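Here is what each chain is made of, one letter per residue.
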Amino acid sequence: MNWELLFFEKATIKLSSGKEFVIKATRLSEKNMYVDKVFLNGQRLNRTYITFEEVLQGGELLFEMKEEGEKV
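Fair warning: this is a prediction, and the values are worked out from it, not measured in the lab.

(A) View of the packing of aromatic side chains. Taken as a whole and judged by the stated rule, the model has zero aromatic pairs. Here R47 stacks its cationic end above the ring of Y49, 4.9 Å away from the centre of that ring.

(B) Focus on the nonpolar core. Counting seven residues, the largest nonpolar core consists of F21, I23, V38, L40, L45, V55 and L61. Discounting residues that sit within four places of it in the chain, L40 has contacts with F21, L45, I50, E54, E60 and L61.

(C) Structural view of the side chain of N32. Locating N32 in the fold gives a position in the loop between strand 2 (20-26) and strand 3 (34-40). A relative accessible area of 18% places N32 in the buried class. Only 3.3 Å separates the side chain of N32 from the backbone nitrogen of E67, close enough to count as a polar contact. Setting aside anything within four residues of it in sequence, one finds N32 in contact with R27, M65, K66 and E67.

(D) A look at the pairing of strand 2. Sheet topology places strand 1 (residues 10-14) next to strand 2; five bridges connect them, and they run antiparallel. Counterpart to K10 in the pairing with strand 2 is K24. With antiparallel pairing between neighbouring strands as the criterion, strand 1 and strand 2 make up a hairpin whose turn holds five residues, including G18 at a positive phi of roughly 95°. In this structure, strand 2 lies alongside strand 5 (residues 59-66), joined through six bridges in parallel fashion. Within the sheet, the bridge partner assigned to F21 lies in strand 5 and is G59.

(E) Layout of the sheet that holds strand 5. The strand order 1-2-5-3-4 describes an open sheet built from five strands, whose pairing is mixed. Each edge of the sheet is formed by a strand with only one pairing partner; in this case those strands are strand 1 and strand 4 (43-44). By the bridge criterion, six bridges tie strand 3 to strand 5 in an arrangement that is antiparallel. Paired with F39 across the strands is L62, a residue of strand 5.

What counts and what doesn't
Residues numbered from 1 in each chain as written. Predicted model: local features only at pLDDT ≥ 70, side-chain atom pairs only at ≥ 80, totals over all residues. Heavy atoms only, no water. Phe/Tyr/Trp six-rings, centres within 6.5 Å; stacked < 30°, edge-to-face > 60°. Lys NZ or Arg CZ within 6 Å of the ring centre and 35° of its normal. Core = buried A, V, L, I, M, F, W, Y, C linked by side-chain atoms within 4.5 Å. Buried < 20%, exposed > 50% of the residue type's maximum accessible area, 1.4 Å probe, protein only. Contact = heavy atoms within 4.5 Å. Helix = DSSP H or I, 4+ residues; strand = E, 2+ residues; numbered from the N terminus. Polar contact = N/O pair within 3.5 Å; in protein donor to acceptor, adjacent residues only side chain to side chain. Pairing = 2+ DSSP bridges.

See below:
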């Protein structure tokens, strides 16, 4: 399977206000497919969601990826 087709390192949403909301993934690879940490505008998120209002404000959502998922 070509993993490059399933992953993206960066996506930009251009908002009607003229702002942009950028979604990025660091250390993304075929092996690093699990999310380690998530940051919204430089602040670490300790929740599993973002609000529509946060998207409308523009900014950056950054996913730091890792090789192994959590054991449940």
